[in-house]
Structures are given as structure tokens and as C-alpha cells.
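Residues per chain, in single letters:
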Amino acid sequence: MTKELKMELKEKLVSSFLAFEEEYTGANDDLHKIRNQAIKDFETMGFPSRKEEDYKYTSLKSILKEDYSLFPKKENAIEYKDIKKYLIHEIDTYDLVFIDGIYSSHLSSTTHDKIDVCLMSSALNKDLYKPVIDNYFNKLAPKNGLNSLNTAFTKEGAFIHIHKNTLADKPIQIINFSTGNESSILVQPRNLIVVDENSHCQIIERHQSLTEHPVLTNSVTEIFADKRAIVDYYKIQNDKLSASLIDNTYIEQQSESFCSVHTFSLGGKLTRNNLNFYQRGERIDSTMKGVTIIEGKQHVDHNTLVHHIEPNCESHQDYKGIFDERSVGVFNGKVVVEKEAQKTNAYQSNNNVLLNDKATINSKPQLEIFADDVKCSHGCTIGQLDEEALFYLQSRGIPRKEASGLLMYAFANNVLESVKIPEIKKRINKLIAHKLGVELGFNL
Amino acid sequence: MAYTEDDLKKELETKEYEYGFYTDIESDTFPVGLNEDIVRAISKKKEEPEWMTEWRLEAYRHWETMEEPEWANVHYEKPNFQNISYYSAPNKKPKYDSLDEVDPELLDTFKKLGISVDEQKKLAGVAVDVVMDSVSVTTTFKKTLAEKGIIFCSISEAIREHPELVKKYIGSVVPKTDNFYAALNSAVFSDGSFCYIPKGVRCPMELSTYFRINQAGTGQFERTLVVAEPGSYVSYLEGCTAPMRDENQLHAAVVELVAMDDAEIKYSTVQNWFPGNKDGKGGVFNFVTKRGLCEKGAKISWTQVETGSAVTWKYPSCILKGDNSIGEFYSIAVTNNYQQADTGTKMVHLGKNTKSTIISKGISAGHSQNSYRGLVQINGRAQNARNFSQCDSLLMGNECGAHTFPYIEVKNKSGQVEHEATTSKIGEDQIFYCNQRGIDTEKAIALIVNGFSKEVLNKLPMEFAVEAQKLLEISLEGSVG
């Protein structure tokens, strides 16, 4: 039964591909080839099933059975006041706002001054960007069902290119809104971020549904950090309970670059984060941190990979999770250290708190090590709040609810400490405090 | 001259397998291949009752529908199951009353292995049930055990003499359809050991069985069943060596432990089968299913030292069914040359207040691959379950690999799970420190490895600890820098 439904979505996608290709009249012939190949790959591979090791704990069945509309026809008008609360508006930023996968020019602010913050659609079609597209587009995302599907339907997304020796003067926000005016909807943003030598940028990404209609987002982001580049990436996932997100992010780093990705998963029906780092130089630092606080029947799956290919690199992983009610948390972290990658220092930590007997956590921290002179460790804990600490706080007049909120806040806090944009830190703090049901009595 | 890494390497490479000899005993071997007739023939040969034959056939029929598992992190040429002889027993099979009657060649084998039966009788106080290829040949100390009501015999004897016990427990922990190799074993198992400890009895000695694979081209399919009635205690030892052979030999054993209320079973293994030569040729395939069931307040403790076999695929598990039961797993896995090991444990917490401890030490050298694969599962009803896991890997040289695949599944908020893993090498500073104090590099390495493995070695019974320490040194000598 379910299998048939799943087939339906797959077939629907494959059959609508032709129409999609015809609509596209861009000049770039290579893109046609890439997309045609991708749809073939998708046809062979399809959606991942639980039989695959990487999806052992996460079934996509429930989100694939919806009858998603693939091509929203009209641009949906949204006023700034409706979306203001989803933006980090306290500071000046570059904004790329997409509504149902279509670029909204009046809500966005782009630039071509020293840095390119613009649209995938224009990058794909303009000759000016052809060298960058040729060099980087679809070069990193490994071939699998979901990536190929996204590639086949690549149309819109963010294109960010930070030129050599440049500091992006403002953080960049990429926000995908879905209005769901046409009932359920499937959106597939495709982002390409190229940060050249000695450059620096900060990016905030958010997916937000504005109605209660089911939304499935299958997003692919490729990030290239050249020598000594610094990339700071923040993902805020606090969507409606009807929205599901499959986020595929691939990061390639060259020597002495520094990349960090913070993922805050606080909402959504099903969230799957595929986050892969490939270290192609020496003295690279990769950091990935995450806080997951969910309840109800929510499901959050973090699937990370750090591939240490060259010597003297570091990676740090720190994922914290708090799970209430019937929620399910999955952490699948993989560190691969190649033979040449001597003096690697890889650290992985996954800490979880279960608040309810119906909640589940599945954790699989893996190490695959082929080099001998390395320092690799991982730790994983699952437990509860310390009764004695709770008692201590209660004995000082803090009600139990607030006390447990405080403890959980403290538990998640060291992930927040490394957030470099104060406004984001403040925002996340608020979200977490709200989520934990406490108004923390100190100024955040 | 200083003893360099290269010297060590050379010495190791030239080191031949110490126990690589072949005993020339006429064997009664079945034609190669597997079908229902062979299964029937094995059963008939063993003079088994009808129900046992049926049980084997059911397992065989199910096995036919199964496929070899491929998820393990090992690569090898799959054995052709139709190319194996499924039964081989030493030809002369009298029931000996004294050692003098035993085939002198067989005794010679024991001597080379260092198991002098009579010496052990006197000194160690260990009852040895020697399994030569598949049939149990000598059983000692039976009388002492019988006085306590303990049954310790070969499984085929148990099927004949205690069918009610065997029927009740065989397949109760590892169902005959459990997995590919368990099903194969259930269909064709040739022999093995059976051990029954009555209620409240504390077994006065360590029970031990030596397995040897002897006949060329015969797979060894051991079946071990240990049943500990409420309040009893037993410590069971299993040790193995195999002669050098070019062809890969298959070993698919099944071990089932049943620990009733408040019983305790301690199961220790030293495995030193032929690991293949330094080019990775030959060696034993070791695909083993080991599982224990703990009732209320029971305790099962697995201790293993794995140094042999070309390919190891082994996950001694504990089903913590009863409240307050305890599962333990202590393991040292050493791989060298082209050995591959995928080993670990499964701790399934079903009862309340259940506890489990996992200490796994992996040492890989040469071109070997060493994986830890473990599952800790805490089910919804397992209130206050507690697990502690620690997996440490030691890498020697940069041609080998160490992998960790822990699966942690928790469905209860009161569960507490801690898992930590580290990977490291022997530090130059550590070696330097030893050198500086007049300890040569080789000794220093032995010292450090010993320290690394101490937590596990300490858990072994006295008789094994010595042997295990020696084994560690032999298998690792000179593989380090």
C-alpha cells in the first residue's frame, strides 16, 4: 500500500520532469545534460528506504505519501509585516527570500558589490557566472536519490560568491517561505556558496511554513571554502508541525580554512540533516554543533560525516538533544580518517536527555580510522536531569518547572557559546526558553 | 644496535604459526556437500532421536531460504557451502577408561598444544572435554561433577541421555532460524558441549573445552549449551588453536547460555585459530553466534581474547530479560597481517534495573581491519536500566584500520547510557620513557599493550590469563613503531 503511494510520488516527479525541462529556456546546455542525467539517476535510485543503513532509524514513508504539488503557479504576495518575526531584523543583513521556491524581489536585498549575493537562476543563465557554475555546481553532492532529485529540478536558490580577500560586510540570510496556498507543496531549493581565499562570510538559513498545509523541502547546499576562508553557517529549524525538511549540506574545505555549522532543530514534523564535510587540505578546522529540542511526534535525524583526507586537521562535533513525549531523535555521526590523514584530531560528542518514556533516541557515533597517529574520540550519553541539582534549585525557591528549564538550558548552552552573531544567540536563547516553557530570569 | 621497528617487523613476518601442525588420524569423513540426506545422515550417525532429526531438518529448510549476511565490515571470498564436508570424526571411537587407551598421536597433539590431560587433572583442577574435530574424545573429572549433580558432557551424549533437558533449552536463546550461520549450525552441528548446573550448586571447578579444527576441508560446527538453574554458578572456559592450512576453513558455532533466577555464568574464550599467513592466505573463517539469556537477578559475563582467525564475525550478546539482571562483556581483539575482525556485543535491556558493562579493546597491526560493532538497546519497560560502554582502539602502523560502530537505542527516560571510544597509538614518549629506564622497545611495547588490555585480562580465570598474555605477546611482537 505505502509502497504504491511512494511509487506515485516518484512517478509523478519523473513524468513531470519533461514539462519542467521544456519550460526552461536558459542558454546553459550543460545544465540540460546535468539535469537529464540526474532524473535518470533518481529513477534508478528512488527515495531512500529503511533498508539502507543510513536510513535505518528514519522512515520517509509518512512524508512521501502526500500528494505534493510540484510547481506553484503564481507568486504569492506576502507583506513584510507577516514575515518580520522570522527574520533576524535587528541587524543589517543581505536577504534572499523565496516564497514557495520563487524569488521575492521586494522582500530581498542582494548585492554584487565585491561579493555576489544573488539567485541561482540568474547565475545559471548568465555568462558572467558560467566559470563558477562550471567549476562548482553539482561537483560535491554525492549521487543519491534525494540529491539527484534536487539536481534534476534545480531552478532557484541562493548563489553566494565571496571573492578573494573579502569580508562579507553583513550576514546573509536565506529564507524559504512556503505559503501552501495550493495545498501541499514540495520545494527543492538549491544553494551554491563559494568562498574564495582569505574570505569570510556568515550565513543564516531558515525554512518556514506560513500555513498548516503539508510542506516537504528537499534542499541541497554545496559550500566550497578555499584556503584560509572562514564560513559560519547557522540553520534555524523551527517550522510548523506540518512541515518536513530534508537538508543536504556538503562542504569542501581547502587548507587552513575554518567552517562551522550550527543546527538548531526545534520544530517540524520530520527533519533530516545530512551534513558532510570533506577536508581536502591541511590544518583545516571543521565544527558542527547542534541543539535539538522536540516533543509530540516530531522526528529529528542528524546524519553527519567528516572525511579527514589530509594530515593535521581537526573536527569537532557536539550535538545535544532533549526529547519529550513521543518524539524520536537520531544521531548518526561518522568520522572517517584516511591513511594519509596523520595527526588528525577528531572529537565527537552526543548528549541526550529523555523526558518521557515514550520518547526514543537512536545514536550511532561511528569511527573509521585508517591512520595510526591520530587522536579520535567519541562520547555518547543518554540520561536524565540530575535529581540533586533539581532539589538544590528547588530548595532555593525556584519552582521545579523553572528549575528543570534552567538545567536544560544549561545543558544546551555550550553549543550556543560558539555562536558568533549576538543577535542570533539572543534569538535562539529566546526560542529555547520558549520551547522549554520558562521565562529565564536573567537578561539574555 | 638498537632494536628498530624494521627489525621487529621482520621478526614478526618470519614468525610461523606456532601451533601449525597436522595430526594424521584416520577420520570418518562424509562426502562434501549439503542436502537433507546429509543432515539425516549426521543425525543418524549420532544416534539421535527423531525429534532432533526433525529439528535439524527444519533448520536446514529455513537455511536454504536465507542469504549470507553482508553488513559486516569484512571482505572475504564466500565459502562454497556445497564444497565442505559436514561431518568428520576421529575414526576410532572407543570410550576410554584411561589415557593409555587413547591414540598416542592424539596425545601428542595435546602435548604440542600444552594441554597435557593428566597434568591438568592433577594441577589445574580443570575438567577438560576435548573436542577433536567434532567428536568428544576424553572427558575428565566427570565423577566429581556428577556427585554435585552437574552434567558436563558432549552435546550428542546429552541428546541421548538427557533429551528432556536438551529439548527444553536448545534453540531457546538462539532460535534455529536466527541468522544464516546459526541456521546452518542448527542443521549440521556435529558436536559440542552441554553443561547443566542444578539449583543452588556452585560448580567447584572451571569447566573447559578445547576445540580444534583438524581434518582438511571440514567445517567445524560446534554447539554449546549451558544451563544454570536458579542460584547456581559456573565458569566455563573455551580455548582454541588450529593447524596451519591453506584453504579457508569455516567455523560456525552457536553458544547458548541460560541463566535462571540469580544464577551466574562466566564464559571465557581464548581464540587463537590460524589467522592466515603474512600474505593473508588461508586462515579460519569464524562466524559465531553467542547469546545468553538472563532471568531475574542473573548475571552473564562474556570475556574473550580474540587473536586468531582470518575473518571473525562474532557478537556475544546478553538478553537481560529478568529484573535486576546483569550483562558484562570484556573483549580484547587483536588483528595482525591481513586479519579482519568485526566483533562486539549486544545488550538488550528488557527488565527493570538491568545493568550492562562493555569494555572492548581493539588492537590492530599490519594490514588488518578491526571493528567494534555493538548494540545497546533499552526498551520501554526497562526502568532504571544502566549501561556503560568503553571501546578503545590501538593502532600500530598506518596500514591497518580501527572502526567503531556503536548502535544505541533508548526508549525509556530513566535509562542511563554512557558510551565512549578512543583511538590512539603507542606514544613515542611512552616508549622513550621505557627506553630511558633500560627497557628495550619490544618489551616496552609488550608492557604498554598489556597495560592497555589489563582491564580485560583481569577478568579472565587464572589458567587463561597466563595463556592470553602469552598470546598477546606472540601476535603483536614487533608490529609496532
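An unreviewed UniProt entry lists chain B under the name Cysteine desulfurase, with Salegentibacter salarius given as the organism. Listed in UniProt under the heading Sequence similarities (unreviewed entry), the comment for chain B reads: "Belongs to the iron-sulfur cluster assembly SufBD family."

This part takes up the overall build of chain B. Along the backbone of chain B there are 12 helices and 24 strands. The 481 residues of chain B split such that 62% are buried.

Residue and element names in this part refer to chain A. Considering the arrangement of structural elements, one finds Gln317 in strand β16 (residues 314-323). There is a polar contact of 2.7 Å between the side chain of Gln317 and the side chain of Thr304. When residues no more than four places from it in sequence are discounted, the contact partners of Gln317 are Met288, Thr304, Val306, Phe331, Gly333, Lys334, Val335, Tyr347, Gln348 and Ser349.

What follows covers the interface of chain B and chain A. Facing 32 residues of chain B, the contacting portion of chain A comprises 35 residues. Of the roughly 2700 Å² buried between chain B and chain A, counting both surfaces, carbon and sulfur atoms make up 47%. Linking chain B to chain A there are 1 salt bridge. Residue B:Glu399 pairs with A:Lys339 through a salt bridge whose shortest N-O separation is 3.4 Å. Those elements giving two or more residues to the side of chain B that touches chain A turn out to be β23 (401-410) and β24 (416-425) of chain B.

Turning our eyes to something else, we now look at the packing of helix α2 (residues 36-45) of chain B against helix α3 (residues 50-64) of chain B. Residues and elements named next belong to chain B. Closest axis-to-axis distance for the α2/α3 pair is 10 Å, and the angle between their directions is 150°. Relative to α3, the element α2 lies roughly antiparallel. Between α2 and α3 the crossing geometry is right-handed. Side by side, α2 and α3 meet where Glu36, Val39, Arg40, Ile42 and Ser43 of the first sit next to Met52, Thr53, Arg56, Leu57, Tyr60 and Arg61 of the second.

All names here are of chain A. End to end, helix α9 (residues 400-416) covers 24 Å across 17 residues, agreeing with the expected 24 Å (1.5 Å per residue, within 8%). Approximately 30° is the largest bend angle found in α9, and it occurs at Ala410. Where α9 is buried, its residues meet β12 (258-265), β14 (285-294), β16, α8 (387-395) and α10 (422-435).

Residues and elements named next belong to chain A. Overall, the coordinates contain 40 salt bridges over all chains when judged by the stated rule. With its nearest N and O atoms 3.3 Å apart, the salt bridge here joins Lys235 to Glu205. With a gap of 30 residues between them, Lys235 in strand β10 (residues 230-237) and Glu205 in strand β8 (residues 200-209) connect regions that are remote in the sequence. Each of the two residues, Lys235 as well as Glu205, counts as buried. Of the charged contacts, one joins Asp232 and Lys420 as a salt bridge, the two residues approaching to 3.8 Å between their closest N and O atoms. With Asp232 in strand β10 and Lys420 in the loop between α9 and α10, the pair connects residues that are 188 residues apart, well separated along the chain. A residue is classified by how much of its surface remains accessible, and Asp232, at 1% relative accessible area, is buried. Residue Lys420 is classed as partly exposed on the basis of its relative accessible area of 48%. Salt bridges sharing common partners tie together Glu197, Arg228, Glu256, Glu282 and Arg283.

On to the packing of aromatic side chains. Residues and elements named next belong to chain B. Considering all chains together, one arrives at 26 aromatic pairs over all chains under this definition. Geometrically, the ring pair formed by Trp71 and Tyr315 is tilted, given 5.7 Å between the ring centres and 45° between the ring planes. With a gap of 244 residues between them, Trp71 in the loop between α3 and β2 (88-90) and Tyr315 in the loop between β15 (311-314) and β16 (317-320) connect regions that are remote in the sequence. Since its relative accessible area comes to 11%, Tyr315 is described here as buried. Note on Phe287 and Trp313: the rings are 6.0 Å apart at their centroids and 85° apart in plane angle, and the pair reads as edge-to-face. Residue Phe287 is found in strand β13 (residues 284-294), and its partner Trp313 is found in strand β15; the two are separated by 26 residues along the sequence. Assigned by exposure class, Phe287 and Trp313 land together as buried.

Moving on, we come to the nonpolar core. Ranked by size, the top nonpolar core spans 53 residues in total, and within it B:Leu34, B:Tyr86, B:Leu184, B:Val188 and B:Phe194 carry the most contacts. Residue contributions to this core peak at 7 residues, all from α3(B). Contacts of B:Phe194, omitting those with residues within four sequence positions, involve B:Ile151, B:Phe152, B:Cys153, B:Ser154, B:Ile155, B:Ala158, B:Leu165, B:Val166 and B:Leu225. Residues A:Cys376, B:Cys203, B:Val255 and B:Ile300 belong to the second largest nonpolar core, which totals 44 residues.

Structurally, B:Gln369 is set in strand β21 (residues 369-378). Among the polar contacts made by the side chain of B:Gln369, one reaches the side chain of B:His403 at a distance of 2.8 Å. Setting aside anything within four residues of it in sequence, one finds B:Gln369 in contact with A:Phe370, B:Thr335, B:Gln339, B:Gln340, B:Ala341, B:Glu399, B:Cys400, B:Gly401 and B:His403.

Cut-off values and rules
- Residues numbered from 1 in each chain as written.
- Chains lettered and ligands numbered in written order.
- Predicted model: local features only at pLDDT ≥ 70, side-chain atom pairs only at ≥ 80, totals over all residues.
- Heavy atoms only, no water.
- UniProt positions renumbered as here; feature names shortened; annotations may be inferred.
- Helix = DSSP H or I, 4+ residues; strand = E, 2+ residues; numbered from the N terminus.
- Buried < 20%, exposed > 50% of the residue type's maximum accessible area, 1.4 Å probe, protein only.
- Polar contact = N/O pair within 3.5 Å; in protein donor to acceptor, adjacent residues only side chain to side chain.
- Contact = heavy atoms within 4.5 Å.
- Buried area = accessible area lost by both parts, 1.4 Å probe.
- Salt bridge = Lys/Arg side-chain N within 4 Å of Asp/Glu carboxyl O.
- Axes fitted to C-alpha atoms, helices over the stretch in contact; angles between N-to-C directions.
- Parallel < 35°, antiparallel > 145°, perpendicular 65-115°, else oblique.
- Left-handed = near helix turned anticlockwise from the far one by under 90°.
- Expected span 1.5 Å × (residues − 1).
- Bend = angle between axes of the 7 residues up to and from the residue.
- Phe/Tyr/Trp six-rings, centres within 6.5 Å; stacked < 30°, edge-to-face > 60°.
- Core = buried A, V, L, I, M, F, W, Y, C linked by side-chain atoms within 4.5 Å.

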